[in-house]
Amino acid sequence: MRRLIAAALTGIVLSGGLFSYASVSAATNATALPGMGPAYVATLPKQHLSKKEIKDLLHMREEEKLARDVYAALYEMWQMPIFRNIARSEQRHMDMLKFLIERYNLEDPVAKTGDKPGRFENKKLQKLYLKLVKQGSKSLIDALEVGATIEDLDIKDLQDALKRTDNRDIAAVYENLMKGSRNHMRAFTAILRRYGIEYKPQFITPAEYRAIVSSKHEIGVVYGENGRRVTAYQTITVAGKVTRVFQRPGYGNKRVIWWVVEVKTPEGKEEVAVAPIWLYPSLDIVPGDVIEVTGYVPPFWRYRNIRGLMACTIKNPERGVTYKIRDCSRFNRRFRLQNR
């Protein structure tokens, strides 16, 4: 809608590099977080963390490290590809938990130990690591049973952690990790069965175990609250008072200057990308306006450490105006979350 053009604003600031996640390292960008799943989780709202939710996040971060480190040690002993391959998967699980830990500004327990193999901040996990590596060193069968045991424990702990959280982003990550653990359990127990060994679950119920091993490998990345796939461009809405209107270099092409509106919401400040200035030479939005923005987070923003929201519509109830900037529904029809 070109009618967004209006009188020139005063006090506009030209600025660059504003949407970066300064604390996110290379280990949590596109290389470590492939696919659309992380992009979807990044669009979910940040919510208050309880002490139990914090404790669970930190515990699960190290428990996924436990799995990775044990499998890496067992691969060195037995040279069986399943240990190497699932260790790589556990690294991705660790990265997703690190994303949440950084998102909520928590102290990463893995960073405290320098992410050294076999080193843990959690003393119970430290003892469990030594016990499992020792057990897995006895024979290949023992090593495979250790793998099944780790996934058994992981599923149970994720189930319990899910019951203690109401945060959508945390729940989405836990569901995805639990799905991966079920697949890992299927892989370990399938090989054990070839040797005539039936694993006996120690943490989940026998009924849950039978349901997992008798069902097919699960595919997909992240699921919404209703259990269905979500679009890569998940539409979200924020509302609040405009605190700043400014210009910044573009997201893909730095030579293109964009209008950006900073909105103060109950959850904090949200920076909203409106449109390039060549499209709208001026904006009819000023500090003090109370607006409602509907938009999405383009997946490549997450990969490039860009923070903010791409606006589709901006409503100004006080003025009775709705600015239609781009069609979110068109993106939702065209770009679907792909199974990985």
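Since we're looking at a predicted model, the values are computed, not measured.

Definitions and limits used
- Residues numbered from 1 in each chain as written.
- Predicted model: local features only at pLDDT ≥ 70, side-chain atom pairs only at ≥ 80, totals over all residues.
- Heavy atoms only, no water.
- Helix = DSSP H or I, 4+ residues; strand = E, 2+ residues; numbered from the N terminus.
- Buried < 20%, exposed > 50% of the residue type's maximum accessible area, 1.4 Å probe, protein only.
- Contact = heavy atoms within 4.5 Å.
- Pairing = 2+ DSSP bridges.
- Axes fitted to C-alpha atoms, helices over the stretch in contact; angles between N-to-C directions.
- Parallel < 35°, antiparallel > 145°, perpendicular 65-115°, else oblique.
- Left-handed = near helix turned anticlockwise from the far one by under 90°.
- Nonpolar A, V, L, I, M, F, W, Y, C, P; charged D, E, K, R; others polar.
- Core = buried A, V, L, I, M, F, W, Y, C linked by side-chain atoms within 4.5 Å.
- Arc of directions from axis to C-beta.
- Expected span 1.5 Å × (residues − 1).
- Salt bridge = Lys/Arg side-chain N within 4 Å of Asp/Glu carboxyl O.

1. Details of the overall build of the protein chain
Here is step 1: Across its full length, the protein chain carries 10 helices and 6 strands.
Here is step 2: The buried share of the protein chain, taken over its 340 residues, is 52%.
Here is step 3: Sequence-distant contacts, at least 24 apart, represent 72% of the contacts inside the protein chain between residues at least 6 apart.

2. Some points on the pairing of strand β1 (residues 236-249)
Here is step 1: Pairing geometry for β1 and strand β4 (residues 290-296), over 6 bridges, is antiparallel. Within the sheet, the bridge partner assigned to Val 238 lies in β4 and is Val 293.
Here is step 2: Inspection of the sheet shows β1 paired to strand β2 (residues 257-265) by 8 bridges, in the antiparallel sense. Pairing of Val 242 across the sheet is with Val 263, part of β2.

3. Thoughts on the packing of helix α2 (residues 51-78) against helix α5 (residues 123-136)
Here is step 1: Packing of α2 against α5 leaves a shortest axis separation of 10 Å and a crossing angle of 25°. Relative to α5, the element α2 is oriented roughly parallel. When the axes of α2 and α5 are compared, the crossing they make is right-handed. The segment α2 lies against α5, with His 59, Glu 62, Glu 63, Leu 66, Asp 69, Val 70, Ala 73, Leu 74, Met 77 and Trp 78 engaging Leu 125, Leu 128, Tyr 129, Leu 132, Val 133 and Gly 136.
Here is step 2: Looking at side-chain class alone, the contact of α2 with α5 contains 11 nonpolar, 2 polar and 3 charged residues.

4. So, unusual backbone geometry
Here is step 1: At Asn 105, a residue that is not glycine, the phi angle is positive and equals roughly 55°.
Here is step 2: The topology assignment puts Asn 105 in the loop between α3 (81-103) and α4 (109-112).
Here is step 3: A positive phi angle, near 55°, is found at Asp 115, a position not held by glycine.
Here is step 4: Along the chain, the position of Asp 115 falls in the loop between α4 and α5.
Here is step 5: Classification of Asp 115 by relative accessible area gives partly exposed; the value is 30%.

5. Focus on the nonpolar core
Here is step 1: Val 70, Phe 83 and Tyr 174 are the most contacted members of the largest nonpolar core, which has 54 residues in total.
Here is step 2: Here the element with the most residues in this core is helix α7 (residues 168-194); it accounts for 10 residues.
Here is step 3: When neighbours within four sequence positions are excluded, Phe 83 is seen to be in contact with Tyr 71, Leu 74, Tyr 75, Leu 140, Ala 143, Leu 144 and Phe 188.
Here is step 4: Grouped together as the second largest cluster of nonpolar side chains are 21 residues, Val 242, Val 263, Val 272 and Leu 283 included.

6. Quick notes on helix α8 (residues 206-213)
The α-helix winds at 3.6 residues per turn, so residues separated by three or four positions along the chain end up facing the same way.
Here is step 1: Taken as a whole, α8 has its buried residues at Tyr 209, Ile 212 and Val 213. When α8 is viewed along its axis, its buried side chains cluster within an angular range of 85° and face the same direction.
Here is step 2: In the core, the buried residues of α8 are packed alongside α6 (140-163) and α7.

7. Some remarks on α3
Here is step 1: With 23 residues, α3 should cover 33 Å at 1.5 Å per step; its first-to-last C-alpha distance of 34 Å lies within 8% of that length.
Here is step 2: Counting buried positions along α3 gives 17 out of 23 residues, so the element sits mostly inside the fold.

8. With respect to the pattern of salt bridges
Here is step 1: Scanning the model with the defined rule gives 15 salt bridges in all.
Here is step 2: In this structure, Asp 69 and Arg 68 form a salt bridge, with 2.9 Å as the shortest nitrogen-oxygen distance. The pair formed by Asp 69 and Arg 68 is uniform in burial state, with each residue classed as buried.
Here is step 3: In this structure, Arg 193 and Glu 198 form a salt bridge, with 3.0 Å as the shortest nitrogen-oxygen distance.

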